[in-house]
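The primary structure of each chain is shown beneath.
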Amino acid sequence: MFTHSSAILRVSRRSPSPSPTEESPPSQRELSCNACGNQCRFDPAQEALICDGCGNAQVIAAANQYRAGREYPFDPNSPETEPRGVPPAQEHQCSGCGGTVLFSGTALSERCPYCNGPMVLVPGRSGYDAMALIPFRISAEDARKRALDWISKREGAPNQLTEHVARTARTAGLYAPFWTFDTSEALTYMATWMEYEHKRMVTRSSSGHHDVAFDDLLVPASPHVTPLIRDGILHEFAPGALRSFDARYLAGFAAERHHQSVAEGFAFNAPDKRLRTKRKVCEDRAFGENVSLAVRTDDIAARYRRILLPVWIFHYDHSGRPYKVVVSGINGQTFGERPYSTAKLALVSGLVSFLVVSVGIVLGMVLA
Amino acid sequence: MSTYLSSLAAAALLFGLSTYFGVFVLESLIRRREAQREAQVESASHVRAQGRWLAPTVWILTVFWLALFVGYFIASTTPPNGSLKHFNTRDLPRPAV
């Protein structure tokens, strides 16, 4: 669990220009209770900064939302011009996975939100600032309930797993870095497939040009945002829920900054994007599933946003192996890793094997 | 006789191996079902991790055909009257001439 202590602060910086890097870190004054001066934390239920000392609630006034919907052009053939933000004085880096996060407000943890490894303080690296975020809407208690409910419904899980997780799991609330990409691509494709014709297998092929467009494609902006986090819980991302970046939403949570440039992100996510592009071409051109498709991108236009998305991560160990369950901080959707009971699986496998082997042997003897 | 026992041993071995590999197949089946039902998997890395060769149909059909073969072998090496005493007389020591 997070321990409550003093905040890790960065120097406040505000720029009046609507540049891509307009994020400003929370200042001590912004996160302090205006009644007693204690540190506050963002409460998802009330959508306000709550003081744990006196219970005072400060509603976060809706900021100008124009930045939440604004997207910035990216040209892969032009040199990178986006300036990096001011590096924080210190960041926490995980000794295990290498992930770096910032803790805002009252949240400070000795454990990595991504992998539960030990964290150490390191000098802050310069990164790119987020433009928008979706604040946490699911509270820690609610997320915990959902995670335990998910675990209790697992088939073939070891006995007493839910009780074990309830007793030992560690909770971490994290704003994970993502991009949204709008891309429009002009492609040249070459498809080949096999089909029966007059009882003979023949090879068919087709080629041509095709335009493919993606709107608000959600792409992880960190190698620590695993497929488990992205596919498990955030595939129902709704861009309409984005708000302009306000550092007060981060109070009480960990957050990872964007460290990759847009070009680096494009390259990092190229394999997944290629798969999506091929799938889209197959759908649009009504190709079957067994098609070998080669695609070449002739031209691409892209627009992007740097955003932060909330996620609760539960870490637990079972038989010496680490597992995690992730709960979306947006809608509570839950997915995760779980152990299997070898005894239960072996019992089912043994029964199925006995049936199949028996039927096979008897049938073989009859045929003989 | 030894051929008959070999057939029985093959059946037992088949059952054992099937049970052993079935554990991995069932684990993969549960994992894939959870991913499809709850995560709606899309990414290349996640799909690749599912391991298609562990499909239950492959497991069951392989075991079934092997069992069929073992059954056929058992039946063809069992003496017609069911008595093992006269089983495969070629294996018995020949009387000294």
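Since we're looking at a predicted model, the values are computed, not measured.

Remarks on the packing of helix α2 (residues 140–152) of chain A against helix α3 (residues 161–168) of chain A
Residues and elements named next belong to chain A.
Here's step 1: Two elements in contact, α2 and α3, have axes whose closest approach is 9 Å; the angle formed by their N-to-C orientations is 155 degrees. The angle between α2 and α3 falls in the class roughly antiparallel. α3 is crossed by α2, and the crossing has right-handed handedness. Between α2, through Arg-144, Leu-148, Ile-151 and Ser-152, and α3, the contact on the second element is made entirely by Leu-161, Thr-162, Val-165 and Ala-166.
Here's step 2: Here the residues of the contact of α2 with α3 are counted per class, giving five nonpolar, two polar and one charged.

Focus: the UniProt feature "transmembrane region" (unreviewed entry) in chain A
Here's step 1: Per the UniProt record, "transmembrane region" (unreviewed entry) is annotated on residues 345–367 of chain A.
Here's step 2: Along residues 345–367 of chain A, the helical share is 100% and the strand share 0%, with 32 Å between the first and last C-alpha atoms.

Remarks on the interface of chain B and chain A
Here's step 1: The partner chain A presents 38 residues to the 35 residues of chain B that form the contact.
Here's step 2: Both faces combined, the contact of chain B with chain A buries some 3,000 Å², and carbon together with sulfur accounts for 66% of it.
Here's step 3: At the surface where chain B touches chain A, the tally comes to three salt bridges.
Here's step 4: Between chain B and chain A we count six residue pairs in polar contact (both at pLDDT 80 or more) in total.
Here's step 5: Among the secondary structure elements, those contributing two or more residues to the side of chain B that touches chain A are α1 (2–39), α2 (44–48) and α3 (56–77) of chain B.
Here's step 6: Here the side of chain B that touches chain A takes 16 residues from α1(B), the largest share from any one element.

About the cut-offs
The written sequence of each chain sets the order in which its residues are numbered from 1. The naming scheme follows written order: chains are lettered A onward, ligands numbered 1 onward. This being a predicted model, a pLDDT of at least 70 is required before a residue's local features are given, and a value of 80 or more before pairs of side-chain atoms are given or counted; all residues contribute to the totals for chains, interfaces and linings. To obtain the side-chain values, all non-hydrogen atoms of the structure were used and water was disregarded. Working convention: axes come from line fits to C-alpha atoms, limited for helices to the stretch in contact. Angles between N-to-C directions cover 0 to 180 degrees. Numbering of helices and strands runs from the N terminus, with a helix taken as a DSSP run of H or I at least four residues long and a strand as a DSSP run of E at least two residues long. We call two directions roughly parallel when the angle between them is under 35 degrees, roughly antiparallel when it is over 145, roughly perpendicular when it lies between 65 and 115, and oblique otherwise. Left-handed describes a crossing whose near helix is turned anticlockwise from the far helix through less than a right angle; right-handed describes the clockwise counterpart. The contact rule is simple, with two residues in contact once any of their heavy atoms fall within 4.5 Å. Under the grouping applied here, Gly and all other residues not named as nonpolar or charged are polar, the nonpolar ones being Ala, Val, Leu, Ile, Met, Phe, Trp, Tyr, Cys and Pro and the charged ones Asp, Glu, Lys and Arg. UniProt positions are given in the numbering used here, feature names are shortened, and annotations may be inferred rather than shown by experiment. Two parts placed together each lose some accessible area under a 1.4 Å probe, and the buried area is that loss summed for both. For this analysis, a salt bridge means a side-chain nitrogen from Lys or Arg found within 4 Å of a carboxyl oxygen belonging to Asp or Glu. Polar contact is the term for a pair of N or O atoms within 3.5 Å; when the atoms are in protein, one must be able to donate a hydrogen and the other to accept it, and sequence-neighboring residues count only if both atoms are side-chain atoms.

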